[in-house]
Amino acid sequence: LNKWFACKASADLPDVLDRVVKLSSSHPDFTLKNPNRCRSLVLTFTMNAAAFHDEEGKGYKFLGDVLEKLDTINSNVAARTTAGSLIGWKRYNEKRASLMKAQLERLKSMPGISNDLLEIVTKGLK
């Protein structure tokens, strides 16, 4: 099933983000409580460059939303696995970089952020 989620997240389709959002919110076999399931969908989506790096920043916002939820469930997975997708913001054009950085700043200001996620986000903002 993890491979199936990964295939869905890596699809070269114009609406792949919508599909990933729908799977993450309503598929009965998807839960953020399962680290492998989370990685198979969310981390694989972040490796789908065309979808994740959408010019409007929708992929970044989706990841920020997921990290906000995931940090309360499994801060290690949030920090080590998925937040790493945003910390390379300096390598992208100005528009994408500012959108990625905005998500990092959003996460840093989140009330009750875990030490694990705070460490990665803080390093990423330097």
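The structure we're discussing is the one just above.
Here is what the cut-offs are and how they apply
- Residues numbered from 1 in each chain as written.
- Predicted model: local features only at pLDDT ≥ 70, side-chain atom pairs only at ≥ 80, totals over all residues.
- Heavy atoms only, no water.
- Helix = DSSP H or I, 4+ residues; strand = E, 2+ residues; numbered from the N terminus.
- Buried < 20%, exposed > 50% of the residue type's maximum accessible area, 1.4 Å probe, protein only.
- Lys, Arg positive; Asp, Glu negative; His and termini not counted.
- Salt bridge = Lys/Arg side-chain N within 4 Å of Asp/Glu carboxyl O.
- Core = buried A, V, L, I, M, F, W, Y, C linked by side-chain atoms within 4.5 Å.
- Contact = heavy atoms within 4.5 Å.
- Disulfide = S-S within 2.5 Å.
- Axes fitted to C-alpha atoms, helices over the stretch in contact; angles between N-to-C directions.
- Parallel < 35°, antiparallel > 145°, perpendicular 65-115°, else oblique.
- Left-handed = near helix turned anticlockwise from the far one by under 90°.
- Phe/Tyr/Trp six-rings, centres within 6.5 Å; stacked < 30°, edge-to-face > 60°.
- Polar contact = N/O pair within 3.5 Å; in protein donor to acceptor, adjacent residues only side chain to side chain.

**Section: the side chain of R37**
Step number 1: As for its position among the elements, R37 is in helix 3 (residues 35-46).
Step number 2: Within the buried core, R37 has no salt-bridge partner, and the shortest N-O distance to an opposite charge, that of D29, equals 5.3 Å.

**Quick notes on the nonpolar core**
Step number 1: Membership of the largest hydrophobic core comes to 37 residues, with the highest contact counts inside it found for V20, L41, F45, L67, L86 and L117.
Step number 2: Those elements giving two or more residues to this core turn out to be helix 1 (2-9), helix 2 (16-26), helix 3, helix 4 (49-52), helix 5 (58-73), helix 6 (75-82), helix 7 (94-108) and helix 8 (115-125).
Step number 3: Once residues lying within four places of it in the same chain are set aside, the contact partners of L86 are F52, Y60, L63, L67, M100, Q103, L104 and L107.

**Concerning the state of the cysteines**
Step number 1: Using the criterion set out here, one finds zero disulfides in the structure.
Step number 2: C7 carries a free sulfur, and the closest cysteine sulfur to it, the one in C38, is 17 Å from it.
Step number 3: Residue classification places C7 among the exposed positions, given a relative accessible area of 52%.

**A word on the packing of helix 3 against helix 5**
Step number 1: The N-to-C vectors of helix 3 and helix 5 enclose an angle of 150°; their axes lie 10 Å apart at closest approach. Regarding the angle of helix 3 to helix 5, the classification is roughly antiparallel. In this structure, helix 3 crosses over helix 5, and the sense of that crossing is left-handed. In contact with C38, V42, F45 and T46 of helix 3, helix 5 contributes G59, F62, L63, V66 and L70.

**Examining the packing of aromatic side chains**
The geometry of an aromatic ring pair is captured by the separation of the ring centres together with the interplanar angle, meaning the angle of the planes.
Step number 1: The tally for this structure, following the rule as stated, stands at five aromatic pairs.
Step number 2: A network of ring pairs unites the aromatic residues F45, F52, Y60 and F62 as a single cluster.

**Brief notes about the pattern of salt bridges**
Step number 1: A complete count under the given rule lists seven salt bridges for this structure.
Step number 2: In this structure, D65 engages K61 in a salt bridge whose closest nitrogen and oxygen atoms are separated by 3.0 Å. Placement of the pair is D65 and K61 together in helix 5, with a separation of four residues, close to one helical turn.
Step number 3: Taking the relative accessible area as the measure of exposure, K61 reaches 44% and is therefore partly exposed.
Step number 4: Between R106 and E68 there is a salt bridge, with its nearest N and O atoms 2.6 Å apart.

**Description of the side chain of H53**
Step number 1: Residue position: H53 is located in the loop between helix 4 and helix 5.
Step number 2: By relative accessible area, which is 11% here, H53 ends up buried.
Step number 3: Setting aside residues up to four positions removed in sequence, H53 forms contacts with Y60, Y92, R96 and M100.

**Overview of the environment of T44**
Step number 1: Structurally, the position occupied by T44 is in helix 3.
Step number 2: Exposure remark for T44: the relative accessible area of 14% places this residue in the buried category.
Step number 3: T44 sits 42 residues away from N2 along the chain, and the two C-alpha atoms are 10 Å apart.
Step number 4: Those residues in contact with T44 that lie beyond four places of it in its chain are A6, A9, S10 and R39.
Step number 5: A distance of 2.8 Å separates the side chain of T44 from the backbone oxygen of S40, its partner in a polar contact.

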